[in-house]
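Spelled out from the first residue to the last, the chains are:
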Amino acid sequence: MTGLRVLAVDDELPALEDLAYLLRDDPRIDQVSLARDGAAALRVLDRAIADGRPIDAVFLDIRMRGLDGVVLGRLLSQFANPPRVVFVTAYEEHAVDAFEIKAEDYLLKPVRPERLAEAIRRVCVSAELPDGDGGGGRADPQTIPVELGGVTRFVSSTDVRYVEAQGDYARLHTAGGSHLVRIPLATLEERWASAGFVRVHRSHLVAVKHIDELHIDSGRCVVRIGETEIPVSRRHTRELRDLLVRRARKGRSE
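Residues numbered from 1 in each chain as written. Predicted model: local features only at pLDDT ≥ 70, side-chain atom pairs only at ≥ 80, totals over all residues. Heavy atoms only, no water.

Visitor: Can you walk me through the overall build of the protein chain in this structure?
Guide: When helices and strands are tallied, the protein chain shows seven helices and 15 strands. Looking at the 254 residues of the protein chain, the share that counts as buried comes to 43%. A separation threshold of at least 6 residues defines the contact pool for the protein chain, and within that pool the share at least 24 residues apart is 52%. For the protein chain, the accessible surface area stands at approximately 13,600 Å², while carbon and sulfur atoms represent 46% of it. (Helix = DSSP H or I, 4+ residues; strand = E, 2+ residues; numbered from the N terminus. Buried < 20%, exposed > 50% of the residue type's maximum accessible area, 1.4 Å probe, protein only. Contact = heavy atoms within 4.5 Å. Areas by Shrake-Rupley, 256 points an atom, 1.4 Å probe, with all protein chains shown as cover.)

Written out as structure tokens, the structure reads:
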């Protein structure tokens, strides 16, 4: 199987050349095309599609003259077969935009080779190409950007046990702690439904696989995840109980 065909987009030539050098040095990449702005990037993408060799991934700066990276990323997401998008930027504040566009990764300049290698691995897995460890696989679980000490990291939905609404923000609870992100609970409910998250209350989403116990006392329904008890609203009680019963039956039959 051939390697990746990628496009690097940056309006600053030194940054573009540095990124192209790192990309060409990776054995998982077969072809690196370059563009200095969003309009040129679209022309390269269109030409690649017409030639029957579409671009697999776009490594994209955000703040550019003309069509900026966020707008271009949204345009790319509307393609019939969109390329994977990896943002490469000097600015941390667009991480939420990256999540909404479903970018594969979000790299901060100056790009470290090991972080670029991880981004390429994510693209390979998503594209079901060999990732350098001997095989391909399914796409990574949905991830979400969080800020830790001024550094953007991506937390996988598989590590999140439950989510708590805090105004326009959401707090992700994992085994190792919690992270406050500027994303409404309703957005996460939609995005993570396929990852096994269900709404149990106006203020809570839970990962069904992490539920240890459900009990009803005096008409009040509660689920326990680890040492935490989370209320379940009346409108969600029956639906959640039926879901857990179906999962238990399925587990016994396998």
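Additional details are given in the paragraphs that follow.
Visitor: Sorry, what's going on with the packing of aromatic side chains here?
Guide: Each pair of aromatic rings is reported with the distance of its centres and the angle of its planes. Evaluated as defined, the whole model comprises two aromatic pairs. Their ring planes at 45 degrees and their centres at 5.0 Å tell us that Trp 192 and Phe 197 sit as a pair that is tilted. The exposure classification of Trp 192 matches that of Phe 197, with both residues buried. Above the face of the Tyr 91 ring, Arg 63 is positioned so that its terminal group lies 3.6 Å from the ring centre. (Phe/Tyr/Trp six-rings, centres within 6.5 Å; stacked < 30°, edge-to-face > 60°. Lys NZ or Arg CZ within 6 Å of the ring centre and 35° of its normal.)

Visitor: It is not clear to me how the sheet that holds strand β15 (residues 228-232) should be interpreted in this structure. Could you clarify?
Guide: Strand pairing in a sheet is mediated by backbone hydrogen bonds. Such pairs are either parallel or antiparallel. Here we have three strands laid out as an open sheet, ordered β13-β14-β15, and antiparallel in their pairing. Strands at the two margins of the open sheet, each flanked by one partner only, are β13 (213-217) and β15. Adjacent strand axes in the sheet meet at a mean angle of 30 degrees when their direction is disregarded. Strand direction decides the pairing type here: strand β14 (residues 220-225) and β15, joined by five bridges, are antiparallel. Bridge pairing links Val 223 to Ile 230 in β15. (Pairing = 2+ DSSP bridges. Axes fitted to C-alpha atoms, helices over the stretch in contact; angles between N-to-C directions.)

Visitor: Any chance you could explain the pairing of strand β9 (residues 169-174) here in plain terms?
Guide: A regular strand carries its side chains on alternate faces of the sheet. Pairing of strand β8 (residues 160-166) with β9, which is carried by six bridges, proceeds in the antiparallel orientation. Counted as the bridge partner of Val 163 is Leu 172 from β9. By the bridge criterion, five bridges tie β9 to strand β10 (residues 177-181) in an arrangement that is antiparallel. The residue bridging Arg 171 from the neighbouring strand is Leu 180, located in β10. Between β9 and β10, which follow one another and run antiparallel, lie two residues.

Visitor: Would you take a moment to explain the side chain of Thr 89 for this structure?
Guide: Following the sequence through the fold, Thr 89 ends up in strand β4 (residues 84-89). Of the polar contacts made by the side chain of Thr 89, one reaches the backbone nitrogen of Tyr 91; its length is 3.0 Å. Apart from the residues within four sequence positions on either side, Thr 89 is in contact with Asp 61, Ile 62, Tyr 106, Leu 107, Leu 108 and Lys 109. (Polar contact = N/O pair within 3.5 Å; in protein donor to acceptor, adjacent residues only side chain to side chain.)

Visitor: Hey, could you run me through the pairing of strand β11 (residues 197-201) in this one?
Guide: Where β11 and strand β12 (residues 204-207) come together, four bridges link them in antiparallel fashion. Across the sheet, residue Arg 199 finds its bridge partner in β12, namely Leu 205. Linking two consecutive strands that pair antiparallel, namely β11 and β12, is a turn of two residues.

Visitor: What should I look at first to understand the nonpolar core in this one?
Guide: Inside soluble globular proteins, nonpolar side chains tend to come together where they are buried. Counting 24 residues, the largest nonpolar core has Leu 7, Val 9, Val 58, Leu 60, Phe 87 and Tyr 106 as its most contacted members. Listing elements by their share of this core, those giving two or more residues are β1 (4-9), α2 (38-50), β3 (57-60), α3 (69-77), β4 and α4 (95-101). It is α2 that contributes the most residues to this core, five residues altogether. Setting aside its immediate chain neighbours within four residues, Leu 7 contacts Ser 33, Leu 34, Ala 35, Ala 41, Val 44, Leu 45, Ile 55, Ala 57, Val 58 and Phe 59. Listed in part, the 20 residues of the second largest apolar core include Leu 4, Ala 8, Ile 29 and Val 32. (Core = buried A, V, L, I, M, F, W, Y, C linked by side-chain atoms within 4.5 Å.)

Visitor: Any chance you could explain unusual backbone geometry here in plain terms?
Guide: Excluding glycine, most residues fall at negative phi; most peptide bonds, likewise, are trans. At the junction of Lys 109 and Pro 110, the peptide bond is cis and its omega measures out at -10 degrees in the coordinates. Summarising the element assignment, Pro 110 is placed in the loop between β5 (105-108) and α5 (113-126).

Visitor: It is not clear to me how empty space enclosed by the protein should be interpreted in this structure. Could you clarify?
Guide: The gaps of empty space that remain are located by a probe, the size of a water molecule, rolled over the atoms. A full pass over the atoms with the stated rule returns one cavity of 30 Å³ or more. Space inside the largest cavity adds up to approximately 50 Å³. Looking at the largest cavity, the residues that line it are Leu 45, Ile 49, Pro 54, Ile 55, Phe 79, Asn 81 and Pro 83. Its residues assigned to classes, the lining of the largest cavity shows six nonpolar, one polar and no charged. (1 Å grid on protein atoms, 1.4 Å probe; cavity = no way out; pocket = protein on both sides within 12 Å on 5 of 7 lines; lining within 4 Å. Points joined across faces, edges and corners; volume = space filled by probe spheres on them. Nonpolar A, V, L, I, M, F, W, Y, C, P; charged D, E, K, R; others polar.)

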